[in-house]
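Each chain, written out:
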Amino acid sequence: MDRDTERVPLAIVGAGVGGLTLAAVLTKMGIPVRLYEQTRQFARVGAGIQMGPNAMRVLAGLGLAAPLAEVAFRPPSMRNREFDTGEPTFELPLGDETERRFGAPYYLLHRGDLHAVLQEAVDPSLIEFGKRLVDIGEAGEGGFELAFEDGSRALADAVVGADGVHSRVRERLIGAEDTSFTGRVAYRTVMPGNYPGKPDLDPCVKWWGPDRHIVIYYVSAGRELYFTTSVPDEDWTIESWSAVGDLGELRAAFADFHPHVRSVLDACPSVHKWAIYEREPLSTWRAGNAVLMGDACHPMTPYMAQGAATSMEDAVVLGRCLTEADQHGGVAEAFRRFEEHRKPRTSRIQLESRENRWLRHSTDPSWVYTYDAWSAPLEAGNDEATSRAVPVSS
């Protein structure tokens, strides 16, 4: 039978951080899977990403703690400062203190480095590139037929939509999602970690202004510097990671910020810009033997650095539910159990993130960081940490 029409047990649409993590989890659990990725090849997209202890626990369970440590930056703390004076508002100890308190490290990474490490945990033959989904329909016995832009098709007994904030799986199976433009935009870039005249920067810091902020931290084992912002801008409504921003506008937006901030922006060679949208928690994530995960079902504003982390948690919990599918009524029931367990936690993070108050002042992050997707009881309502933090070994 042609590879495009061979019926696979489980199709994952999207091979981003969430989709790759799910493929790695299911491979570890012995569940056959195939990924369909719209890009023609993976690229090192220029963005930073924060992996808190809850996310690092997922990666450690896949045996990826050691390779992550080689490409990550391990900050001693997360500082929060007033935009102009630099007066500290709150400092969260990280480094050794995070591992002691939460049983896992806190790493800062280039998103491309995280993606590359996850790739190593997935057999390349399982990934189909150049497969932009255009439609999905029923194919008998609860299965689905996937139609791609290149004219090819695929059959699957079950489907997981890991295709991000603009999920085609969600659109076709559940319906269009309501979005609300916040009137704010984010600028971001990855740049050299050293530049002429660079001051002694905080390794990881968020500068809080009256109506805007900027987060700056090191990635790539300290060789590169990353920043991301939130700035009022009612006119820019493009929600795309590839759109290019104007450096003059960016620098003007932070002209009254601390000299350390202005130093980074003055040295920035180029910048991307995207509009920040809010979404309400979805009423459902699933339709029969299809389910959504990650940004496809609980997209978040970036203010708590938990978007990727929660998609990785999703991957582990979804894998656990699927391994128990035979005892709990099949795949559709496994997807129901997955949603029932995950929705309270992701909805809480989704709604808290939009408030943009996380860590500005004294904050106890335990309810986020101590969650263990590998062992949390699979019942509804586990938005609080319900399992012990297992120390990560590299």
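Residues numbered from 1 in each chain as written. Predicted model: local features only at pLDDT ≥ 70, side-chain atom pairs only at ≥ 80, totals over all residues. Heavy atoms only, no water.

1. Digging into the environment of A255
Here comes step 1: Tracing the sequence through the fold places A255 in the loop between α7 (247–253) and α8 (259–267).
Here comes step 2: With ten residues separating them along the chain, A255 and L265 place their C-alpha atoms 9.7 Å apart. (Helix = DSSP H or I, 4+ residues; strand = E, 2+ residues; numbered from the N terminus.)

2. Things to note about the pairing of strand β13 (residues 213–219)
Here comes step 1: A large share of β13 lies buried, amounting to seven of its seven residues.
Here comes step 2: Because side chains alternate across β13, one face comprises the buried residues H213, V215, Y217 and V219, and the other comprises I214, I216 and Y218, equally buried.
Here comes step 3: Relative to β13, strand β12 (residues 204–208) runs antiparallel, the two sharing five bridges. For W207, the partnering residue across the bridge sits in β13 and is I214.
Here comes step 4: Taking the residues that link successive antiparallel strands as the turn, the β12-β13 hairpin has four residues.
Here comes step 5: The pairing of β13 with strand β14 (residues 224–232) spans seven bridges and is classified as antiparallel. Bridged to I214 within β14 is T229.
Here comes step 6: Taken together, β13 and the strand that follows it, β14, pair antiparallel across an intervening segment of four residues, in which S220 is found at a positive phi of about 55 degrees. (Buried < 20%, exposed > 50% of the residue type's maximum accessible area, 1.4 Å probe, protein only. Pairing = 2+ DSSP bridges.)

3. Things to note about the packing of helix α2 (residues 53–61) against helix α9 (residues 307–323)
Here comes step 1: For the pair α2 and α9, the least separation of the axes is 9 Å and the interaxial angle reads 40 degrees. Classified by the angle their axes make, α2 and α9 are oblique. Both α2 and α9 take part in a crossing whose hand is left-handed. Every residue of α9 that contacts α2 at N54, A55, V58 and L59 is listed here: A309, M312, E313 and V316.
Here comes step 2: In terms of residue class, the contact of α2 with α9 is made up of six nonpolar, one polar and one charged. (Axes fitted to C-alpha atoms, helices over the stretch in contact; angles between N-to-C directions. Parallel < 35°, antiparallel > 145°, perpendicular 65-115°, else oblique. Left-handed = near helix turned anticlockwise from the far one by under 90°. Contact = heavy atoms within 4.5 Å. Nonpolar A, V, L, I, M, F, W, Y, C, P; charged D, E, K, R; others polar.)

4. Describing unusual backbone geometry
Here comes step 1: Its identity is not glycine, yet A305 carries a phi of approximately 55 degrees, on the positive side.
Here comes step 2: Along the chain, the position of A305 falls in the loop between β17 (290–292) and α9.
Here comes step 3: The exposure class assigned to A305 is partly exposed, which follows from its relative accessible area of 23%.
Here comes step 4: Positive phi, close to 50 degrees, is recorded for N356, a residue that is not glycine.
Here comes step 5: Topologically, N356 is positioned in the loop between α10 (331–355) and α11 (366–369).

5. A word on α2
Here comes step 1: Counting buried positions over the nine residues of α2 gives seven, a clear majority of the element.
Here comes step 2: Every buried residue of α2 is accounted for by P53, N54, A55, M56, R57, V58 and L59.
Here comes step 3: One or two positions beyond α2, positive phi appears at G63, with a value near 75 degrees.

6. Overview of the confidence of the model for the protein
The predicted coordinates of low-pLDDT regions are not to be read in fine detail.
Here comes step 1: For the protein, per-residue confidence averages 92 on the pLDDT scale, and residues scoring 70 or more make up 95% of the total.
Here comes step 2: Low pLDDT (under 50) marks residues 381–394, which in the prediction has 40 contacts with non-local residues, meaning those over four places away or in another chain. (pLDDT = per-residue confidence, 0-100.)

7. Side note on α9
Here comes step 1: With 17 residues, α9 should cover 24 Å at 1.5 Å per step; its first-to-last C-alpha distance of 25 Å lies within 8% of that length.
Here comes step 2: The buried count for α9 comes to 15 of 17 residues, which makes it a mostly enclosed element. (Expected span 1.5 Å × (residues − 1).)

8. A few points about the packing of aromatic side chains
Here comes step 1: Summed over all chains, the structure comprises twelve aromatic pairs.
Here comes step 2: Ring centres 5.4 Å apart and planes at 80 degrees place the aromatic pair F102 and Y369 in the edge-to-face group. Here F102 is found in helix α4 (residues 95–102), whereas its partner Y369 is found in helix α11, with 267 residues between them in sequence. There is no split in this pair, since F102 and Y369 are both buried. (Phe/Tyr/Trp six-rings, centres within 6.5 Å; stacked < 30°, edge-to-face > 60°.)

9. What about the sheet that holds β12?
Here comes step 1: Taken together, seven strands build an open sheet; the order of strands is β5-β4-β12-β13-β14-β11-β15 and the sheet is mixed. Two strands close off the open sheet at either side, each with one partner strand: β5 (88–93) and β15 (272–278). Averaged over all neighbouring strand pairs, the angle between strand axes comes to 15 degrees, with direction disregarded.
Here comes step 2: Sheet topology places strand β4 (residues 77–82) next to β12; four bridges connect them, and they run parallel. Note that in β12 the partner of R81 across the bridge is W207.
Here comes step 3: Sitting on the sheet, α8 touches β11 (180–192), β12, β13 and β14, and the angle it makes with β13 is about 70 degrees.

10. Describing empty space enclosed by the protein
Here comes step 1: In the structure shown here, the tally under the stated rule is three cavities of 30 Å³ or more.
Here comes step 2: Taken as a whole, the largest cavity holds about 40 Å³ of empty space.
Here comes step 3: Looking at the largest cavity, the residues that line it are L201, D202, V205, W207, I216, H260 and V261.
Here comes step 4: Mapped by element, the contributors of at least two residues to the lining of the largest cavity are β12 and α8. (1 Å grid on protein atoms, 1.4 Å probe; cavity = no way out; pocket = protein on both sides within 12 Å on 5 of 7 lines; lining within 4 Å. Points joined across faces, edges and corners; volume = space filled by probe spheres on them.)

11. Thoughts on the state of the cysteines
Here comes step 1: Inspection of the entire model under this criterion finds zero disulfides.
Here comes step 2: Not engaged in a disulfide, the cysteine C297 finds its nearest cysteine sulfur in C321; these two sulfurs lie 13 Å apart.
Here comes step 3: Overall, C321 belongs to the buried group, its relative accessible area being 1%. (Disulfide = S-S within 2.5 Å.)

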